[in-house]
Amino acid sequence: MSRRNPSQEDIALDRLPKAALNRESLRETLALAAYLRPYRPRFLAGMSTLFVSAACGLAFPFLAGTLIDAAMRPGGATLPWLGAMPLNQVALLLVAAVALQSLASFNSALAFNRVGQSALADLRRDCYQRLIALPMAFFGQRRVGELTSRVSTDVAQIEGALIDALPQLCRQSVFLLGGVTLITLTSGQLTAVMLGTLPVLIAAAVFFGRRLRRFSRETQDQLAATNTIVEETLQAIASVKAFANEAFELGRYETSNRRVLAAALSAARWRAVFVAFFIIALFGGIAIVMWFGAGLLQQGKISPGELTRFVLYSTFVAGAMGQAAELFSQIQKTVGATQRVRELLREPTEGDLAVGRPAVPGELPPRARGAVALVEITFRYPARPETAVLRSLSLAAQPGERIALVGPSGAGKSTLTALLLRFYDPESGRLLLDGRDARDYPLPWLRAQMAIVPQDVLLFGGTILENIAYGRPGADEAAIREAARQANADDFIRAFPEGYGTIVGDRGIQLSGGQRQRVAIARAILKNPAVLILDEATSSLDSESEAQVQLALDRLMLGRTTFIIAHRLATVRNADRIAVIEAGQVVELGTHDELSARPDGLYRRLSALQFGPAAGSSEPGDRPGASAI
Ligand code: ATP
């Protein structure tokens, strides 16, 4: 079971880049605003209705104060521009303001959601499009599960910022600026008293905000580590059960889970203290203002309506300030999230990395002839640059030729086939298809010429029909059934109650190994490639399934250049040629008879190990159908 626990360094690295608010990070965040551009008219409409709603909100305390004054004066209250108004008219005005505010809020919420969700759908599509276009080297060097979960968390963070934080920020700014202006107009003295409590609130917000952020980041990181354990164990659930390691895994999870709890409780303690403090500061501030205001009222310096206005505006201003800390931390998180998403969107794709000028698909034949040549190829995996896996390896196959690749484990056989598919490009040397450098072909065309039937076939979770159709999306059902027939799969598929509509389960676990393999062969038949790669295609099957699969493979190989990776030498006797690979080089090349005849050859030694010293003449390792290649 390959498994790596996230170390503290991993977690720290994943946190990079830091969510610092500097010019660069802000620039990155604004760059993401490009996603709003297609929805500009609706966004502007949302903004304007938001300001209308905020303005109505600000009018509320004013009209409420006026209402009280109108009740206390026989001729009603005087409103700017509107003149004197009796109580009931002011009440109607108040109701109208509330109704308008509600209507405007409805429209702005709808507009922001529409714009935000549409922009996010575009962003998600771009992230996915970029992810699947990244080169294999990228996936070899990252923990992909964690990367994708980070991206989805980051996108969710951006969603929150776009749909909630941004409108809140605008609304609260209007309340803060408008509120302070209006209370200053109401009573300069009272404003001075209220603003006197401000520094205490701001200092508290900064003090508690920092601690809260630290603990909530710690909680997030611990949670990510805990989720990684779940992901890893579920991926390798068969091994966990086979080793009866449930208790061990549970212990690992418990430890990590307890850390999440500890961090979350610390955050909760600070949040609770913050809330308690904020209540004292807020209500205490209002009490002081009311006490002072009541004194002014007693002295006849302000009217009861003005005091009401003042108290209401003060709560608006205090509320806006209370939200400021939360909004600031939201913005900070969003900047960090945006940076990671932008980083992903900047990763070069396979297409970006292509060198030279690939031919235009129109200039190419629909199907290659299938002459493949590897010329002096040297290759190292990007994740392990110190080791050359292939060293000046040369090998050529004629169209339709069957070449078996044999050799010790780790010799580089699978790597060679990965290079054929251009999952990686060699460090030096060239890969030729029909005499032309593989890099001259567009990647999709090149890969359309090849198919691989791997040892461990992973199917997608849909139906059998969909899984076969994956070989040629859009193929009609008759072609799919024909491919299944040729792959010896039609009988077992039709024996299922649901037939071709049978759901294969996650990764195809509801099918047996041999059945999965025949589905994979049907898929390859449907694809109709010029070059075929069989990676240990029959190694894990019993004799009967192997015979079935072998028959299917024989049909599949007809007229196609085929590379067969095999450990069991019995399966490769009838290959046109056998290439023995050792330490990244072709050390022997020839037919079974030629290689068996070499006195000190590696092939002969390997045969002797598998079949005993008399290898070459006797066939003790053969099984029915196994020698058909
Ligand atoms: P086997 O018969 O056991 O499947 P193989 O001949 O197919 O072996 P490869 O899978 O090609 O061998 O591996 C060749 C070498 O490359 C091995 O030493 C392996 O550790 C290394 N290797 C394989 N994949 C990677 C990778 N993604 N990153 C780094 N090194 C790798």
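Above: the structure in question.
Figured I'd write up the structure that's included with this text. Predicted model only: the values in this text are computed from it and were never measured. (Residues numbered from 1 in each chain as written. Predicted model: local features only at pLDDT ≥ 70, side-chain atom pairs only at ≥ 80, totals over all residues. Heavy atoms only, no water.)

### What to know about the overall build of the protein
Part 1 of the reasoning: If you tally the helices and strands in the protein, you get 21 helices and 12 strands.
Part 2 of the reasoning: Scored against the burial criterion, the 629 residues of the protein give a buried share of 45%.
Part 3 of the reasoning: Considering only contacts in the protein between residues 6 or more positions apart, those separated by 24 or more positions represent 77%.
Part 4 of the reasoning: Summing over all exposed atoms, the protein offers an accessible surface of approximately 31,500 Å²; the carbon and sulfur share of this is 60%. (Helix = DSSP H or I, 4+ residues; strand = E, 2+ residues; numbered from the N terminus. Buried < 20%, exposed > 50% of the residue type's maximum accessible area, 1.4 Å probe, protein only. Contact = heavy atoms within 4.5 Å. Areas by Shrake-Rupley, 256 points an atom, 1.4 Å probe, with all protein chains shown as cover.)

### Comments concerning the pairing of strand β12 (residues 585-590)
Part 1 of the reasoning: Here strand β11 (residues 577-582) runs beside β12; their pairing, made up of five bridges, is antiparallel. Paired with Ile581 across the bridge in β12 is Val586.
Part 2 of the reasoning: Connecting the antiparallel pair β11 and β12 is a turn made up of two residues, with Ala583 showing a positive phi of about 45 degrees. (Pairing = 2+ DSSP bridges.)

### Some details on the sheet that holds strand β3 (residues 372-379)
Part 1 of the reasoning: Ordered by their spatial adjacency, four strands build an open sheet running β4-β3-β6-β7, and the pairing between neighbours is antiparallel. Each edge of the open sheet is held by one strand with a lone partner, namely β4 (390-397) and β7 (436-437).
Part 2 of the reasoning: Here two bridges tie strand β6 (residues 428-433) to β7, and the two strands are oriented antiparallel to one another. What sits directly across from Leu432, in β7, is Asp437.
Part 3 of the reasoning: Together, β3, β4 and β6 form the strand contacts of helix α13 (residues 413-420), whose direction differs from that of β3 by roughly 115 degrees. (Axes fitted to C-alpha atoms, helices over the stretch in contact; angles between N-to-C directions.)

### A short note on the pairing of strand β5 (residues 402-406)
Part 1 of the reasoning: Burial runs high along β5: five of the five residues are buried.
Part 2 of the reasoning: Where β5 meets strand β10 (residues 561-565), four bridges bridge the pair, whose relative direction is parallel. Among the inter-strand pairings, Arg402 is bridged to a residue of β10, identified as Thr562.
Part 3 of the reasoning: Across four bridges, the pairing between β5 and β11 is parallel. By the bridge assignment for β11, Ile403 is matched with Arg577.

### Observations concerning the site of the ligand
Part 1 of the reasoning: Near the ligand the following residues occur: Tyr381, Arg384, Val389, Pro408, Ser409, Gly410, Ala411, Gly412, Lys413, Ser414, Thr415 and His567.
Part 2 of the reasoning: For the ligand, an oxygen atom lies 2.6 Å from a polar atom in the side chain of Ser409.
Part 3 of the reasoning: A distance of 2.4 Å separates an oxygen atom of the ligand from a polar atom in the side chain of Thr415.
Part 4 of the reasoning: Here the ligand, which alone exposes 640 Å², has 67% of that area covered by the protein.
Part 5 of the reasoning: Split by residue class, the shell around the ligand holds four nonpolar, six polar and two charged. (Near = heavy atom within 4 Å. Polar contact = N/O pair within 3.5 Å; in protein donor to acceptor, adjacent residues only side chain to side chain. Nonpolar A, V, L, I, M, F, W, Y, C, P; charged D, E, K, R; others polar.)

### Structural notes on α13
Part 1 of the reasoning: Of all eight residues in α13, seven are buried, a share of seventy percent or more.
Part 2 of the reasoning: Listing the buried residues of α13 in full gives Lys413, Thr415, Leu416, Thr417, Ala418, Leu419 and Leu420.
Part 3 of the reasoning: Count one or two residues on from α13 and you reach Arg422, which has phi positive near 55 degrees.

### Section: the side chain of Asp126
Part 1 of the reasoning: Mapped onto the elements of the fold, Asp126 is located in helix α4 (residues 87-133).
Part 2 of the reasoning: The contact partners of Asp126, leaving out residues within four places of it in the chain, are Tyr35 and Leu345.

### Some remarks on the packing of helix α16 (residues 477-486) against helix α18 (residues 513-527)
A pair of packed helices is captured by two measures, namely the crossing angle of their axes and the spacing between those axes.
Part 1 of the reasoning: Between α16 and α18, the least distance of the axes is 8 Å, while the angle of their chain directions is 125 degrees. By the angle between their axes, α16 is oblique relative to α18. Crossing handedness for the pair α16 and α18: right-handed. Residues Ala479, Ile480, Ala483, Ala484 and Gln486 of α16 lie in contact with α18, whose contacting residues are Ala522, Ile525 and Leu526.
Part 2 of the reasoning: Per-class residue counts for the contact of α16 with α18 are seven nonpolar, one polar and no charged. (Parallel < 35°, antiparallel > 145°, perpendicular 65-115°, else oblique. Left-handed = near helix turned anticlockwise from the far one by under 90°.)

### Details of the pattern of salt bridges
Part 1 of the reasoning: Scanning all chains against the criterion turns up 16 salt bridges.
Part 2 of the reasoning: Close ionic contact of Glu232 with Arg252 constitutes a salt bridge, the shortest N to O distance being 3.8 Å. One end of the pair, Glu232, is in helix α8 (residues 198-235); the other, Arg252, is in helix α10 (residues 246-298), and 20 residues separate them in sequence.
Part 3 of the reasoning: Between Arg258 and Glu254 there is a salt bridge, with its nearest N and O atoms 3.5 Å apart. With Arg258 and Glu254 both in helix α10 and four residues apart, this pair spans about one turn of that helix.
Part 4 of the reasoning: Sharing partners across several salt bridges, the network here consists of Glu482, Arg485, Asp490, Asp491 and Arg494. (Salt bridge = Lys/Arg side-chain N within 4 Å of Asp/Glu carboxyl O.)

### Quick word on the sheet that holds strand β8 (residues 450-453)
In any sheet, the strands associate via hydrogen bonds between backbone groups, in a parallel or an antiparallel arrangement.
Part 1 of the reasoning: Ordered by their spatial adjacency, six strands build an open sheet running β8-β9-β10-β5-β11-β12, and the pairing between neighbours is mixed. With partners counted over all chains shown, the strands left at the sheet margins are β8 and β12, one partner each. Within the sheet, the average angular offset between the axes of one strand and its neighbour, ignoring direction, is 20 degrees.
Part 2 of the reasoning: For β8 and strand β9 (residues 531-535), the ladder comprises four bridges, and the chain directions are parallel.

### Structural notes on the packing of helix α3 (residues 40-72) against α4
Part 1 of the reasoning: At a minimum axis separation of 7 Å, α3 and α4 run at an interaxial angle of 160 degrees. The pairing of α3 with α4 is recorded here as roughly antiparallel in orientation. Note that α3 runs across α4; the crossing there is left-handed.
Part 2 of the reasoning: Split by residue class, the contact of α3 with α4 holds 23 nonpolar, nine polar and two charged.

### Digging into the packing of aromatic side chains
Part 1 of the reasoning: Per the stated rule, a full pass over the model turns up 11 aromatic pairs.
Part 2 of the reasoning: Measuring from centroid to centroid gives 5.0 Å for Phe175 and Phe316, while their planes differ by 45 degrees, and the two rings are tilted. Linking Phe175 in helix α6 (residues 144-186) with Phe316 in helix α11 (residues 304-346), this pair joins segments that are 141 residues apart in sequence.
Part 3 of the reasoning: For the pair Tyr381 and Tyr424, a centre-to-centre distance of 5.2 Å together with 85 degrees between the ring planes defines the contact as edge-to-face. (Phe/Tyr/Trp six-rings, centres within 6.5 Å; stacked < 30°, edge-to-face > 60°.)

### A few points about the nonpolar core
Part 1 of the reasoning: Grouped together as the largest cluster of nonpolar side chains are 44 residues, with contacts concentrated most on Ile468, Ile493, Ile521, Leu556, Val572, Ile578 and Tyr603.
Part 2 of the reasoning: A domain-level breakdown of this core finds at least three residues from each of domain 2 (370-449 + 531-546 + 560-629) and domain 3 (455-528).
Part 3 of the reasoning: Discounting chain neighbours no more than four positions away, the residues touching Ile521 are Val453, Ala487, Val549, Ala552, Leu553 and Leu556.
Part 4 of the reasoning: Core analysis: the second largest hydrophobic core is formed by 35 residues, Ala368, Leu433, Trp445 and Ile533 among them. (Core = buried A, V, L, I, M, F, W, Y, C linked by side-chain atoms within 4.5 Å. Domains from an automatic or database assignment.)

### Here we look at the environment of Arg252
Part 1 of the reasoning: When its relative accessible area of 14% is taken as the criterion, Arg252 is described as buried.
Part 2 of the reasoning: Between the alpha carbons of Arg252 and Thr226 there is a distance of 8.9 Å; along the sequence they are 26 residues apart.

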